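Fold and contact review
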Amino acid sequence: MLEMTREEFEELVAEALDRIPPELTRLMDNVAVFVEDEPPADDPELLGLYEGTPLTERGEWYAGVLPDRITVYRGPTLRMCETREDVVAEAEVTVVHEIAHHFGIDDARLHALGYG
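Residues numbered from 1 in each chain as written. Predicted model: local features only at pLDDT ≥ 70, side-chain atom pairs only at ≥ 80, totals over all residues. Heavy atoms only, no water.

**What to know about helix H1 (residues 6-18)**
Residues spaced three or four apart along an α-helix point in a common direction, a consequence of the helix completing one turn every 3.6 residues. Applied cut-off: Numbered from the N terminus, helices here are DSSP runs of H or I no shorter than four residues, and strands are runs of E no shorter than two. Here the expected span of a helix is defined as 1.5 Å times the quantity of residues minus one. For each residue, the accessible area found with a 1.4 Å probe, counting protein chains only, is set against the maximum for its type, and the residue is called buried under 20%, exposed over 50%, and partly exposed in between. Our arc is simply the arc of the directions from the helix axis toward the C-beta atoms. It only takes one pair of heavy atoms within 4.5 Å for two residues to be counted as in contact.
Taking 1.5 Å per residue, 13 residues should reach 18 Å; H1 reaches 18 Å between its end C-alpha atoms and fits that length. Every buried residue of H1 is listed here: Phe9, Leu12, Val13 and Ala16. Across the axial projection of H1, the buried residues extend over an arc of 100 degrees, all falling on one side. Exposed and oriented more than 90 degrees from the buried face of H1 are Glu7 and Asp18. Its buried side turned inward, H1 meets strand S1 (31-36), strand S3 (68-73), helix H3 (74-80) and helix H4 (84-102).

Next up, the structure:
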């Protein structure tokens, strides 16, 4: 398994977020991004997870709620990657994938776009 500290991995995730076009990040609303070491035990290969209400499903009722949560998992990402460059690329794909869920894009469409 590739070795990388949590701080190094968090920095890569932050860099991936910085590469999201500003016109998209301005549209993101009430969402926070986290890094965790491992995903839930029932899905040990999960690279990222979006939890919340996509922008496309929010209505007048949406007020005063906790932020949506995007989590990127360090352990499975490092286990599947062979080089630091692989980790950079995979972190970026995972971040884009989970942000797309925030915008209401489903897995089928993401796979078709190459962000599966």
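Back to the text.
**Describing the sheet that holds S3**
This is how it is decided: For two strands to be treated as a pair, DSSP must find no fewer than two bridges joining them. Only the stretch in contact is used when a helix axis is fitted, and all axes are lines through C-alpha atoms; the angle between N-to-C directions ranges over 0 to 180 degrees.
Sheet architecture is open: three strands sit in the order S1-S3-S2, paired in mixed fashion. Of all strands in the sheet, those with a lone pairing partner are S1 and strand S2 (48-51), marking the two edges. With direction set aside, neighbouring strand axes in the sheet form an average angle of 15 degrees. Summarising the sheet, S2 and S3 pair through four bridges and their orientation is antiparallel. Counted as the bridge partner of glutamate 51 is arginine 69 from S3. Sitting on the sheet, H1 touches S1 and S3, and the angle it makes with S1 is about 150 degrees. In this fold H4 packs onto S1, S2 and S3, with an angle of close to 15 degrees to the strand it touches most, S2.

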